[in-house]
Amino acid sequence: FLSKFARLIRKVLEQSEYSLISLKEELKTVELYMQIESVRLDHGFDYKIEISDQIDPDEVMVPPLILQPSIENAIWHGLAPKPARGQIVIYISLENDLLRITIEDNGEGQRAMTDKGLTNPQENKSFGIAITRKRIEILGKELKREGYFQLNFLPDKTVVDMAIPVNLHY
């Protein structure tokens, strides 16, 4: 646990120097984070990452830690309170010159948010989500393509759907 945590901290510090890193490096960081959280929750969830064949993770560049706030919310607010084993699935594809990332968890998302007194969970003002939205907006202005970030609470899962403007000329 401590070894993985030390590696995660080192990766975050190394990546903090850069405005963009490879998707491959971002996914390594997210996977390490999920491994640590899985141990913390006594292996209370599984995770899977599915990447479209049309994407070269070594070549596509993304902002560092762009996925981490959504993964953290899925774990802390969705899976941690869930009495049964949880699951996170990350789907990555290209759509209209945007890197589309969908993060699904089968946690207690909407119920947990409603239990905290939020009658409309869509109005949740998560600091991490606000920063992610802003980072996508800034990238959109730089690359002259608009991305998006959506959070959807469905009856049996929570779905984060984001599209990140990326440079795809590789």
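Residues numbered from 1 in each chain as written. Predicted model: local features only at pLDDT ≥ 70, side-chain atom pairs only at ≥ 80, totals over all residues. Heavy atoms only, no water.

For the rest of this paragraph, the subject is the pattern of salt bridges. Under the counting rule described, the total for this entry stands at 11 salt bridges. For Asp 46, the salt bridge identified is with Arg 85, shortest N-O distance 2.9 Å. You can see Asp 46 sitting in strand 2 (residues 45–51) and its partner Arg 85 sitting in the loop between helix 3 (68–79) and strand 4 (86–95), a full 39 residues away along the chain. A residue is classified by how much of its surface remains accessible, and Arg 85, at 44% relative accessible area, is partly exposed. Salt bridges linked by common partners bring Lys 11, Glu 25 and Lys 28 together as one network. (Salt bridge = Lys/Arg side-chain N within 4 Å of Asp/Glu carboxyl O. Helix = DSSP H or I, 4+ residues; strand = E, 2+ residues; numbered from the N terminus. Buried < 20%, exposed > 50% of the residue type's maximum accessible area, 1.4 Å probe, protein only.)

Here helix 5 (residues 127–143) is 17 residues long and its end C-alpha atoms lie 24 Å apart, about the 24 Å a rise of 1.5 Å per residue gives. Along helix 5, the residues that are buried comprise Gly 128, Ile 129, Thr 132, Ile 136, Leu 139 and Gly 140. One side of helix 5 holds all its buried residues, which, seen down the axis, span an arc of 115 degrees. The exposed set on the far side of helix 5, more than 90 degrees from its buried face, consists of Phe 127, Lys 141 and Glu 142. Buried residues belonging to helix 5 abut helix 3, strand 6 (148–154) and strand 7 (157–165). Two residues or fewer past helix 5, Lys 144 is found with a positive phi of approximately 55 degrees. (Expected span 1.5 Å × (residues − 1). Arc of directions from axis to C-beta. Contact = heavy atoms within 4.5 Å.)

Among the 9 residues in strand 7, 8 count as buried, and that is most of the element. In terms of strand pairing, strand 5 (residues 98–105) meets strand 7 through 8 bridges, oriented antiparallel. Within strand 7, the position partnered with Glu 104 by the bridge is Val 159. With 7 bridges joining them, strand 6 and strand 7 adopt antiparallel strand pairing. Each residue of the ladder has a partner; that of Tyr 148, found in strand 7, is Ala 163. Hairpin connection, strand 6 to strand 7: the antiparallel pair is bridged by 2 residues. (Pairing = 2+ DSSP bridges.)

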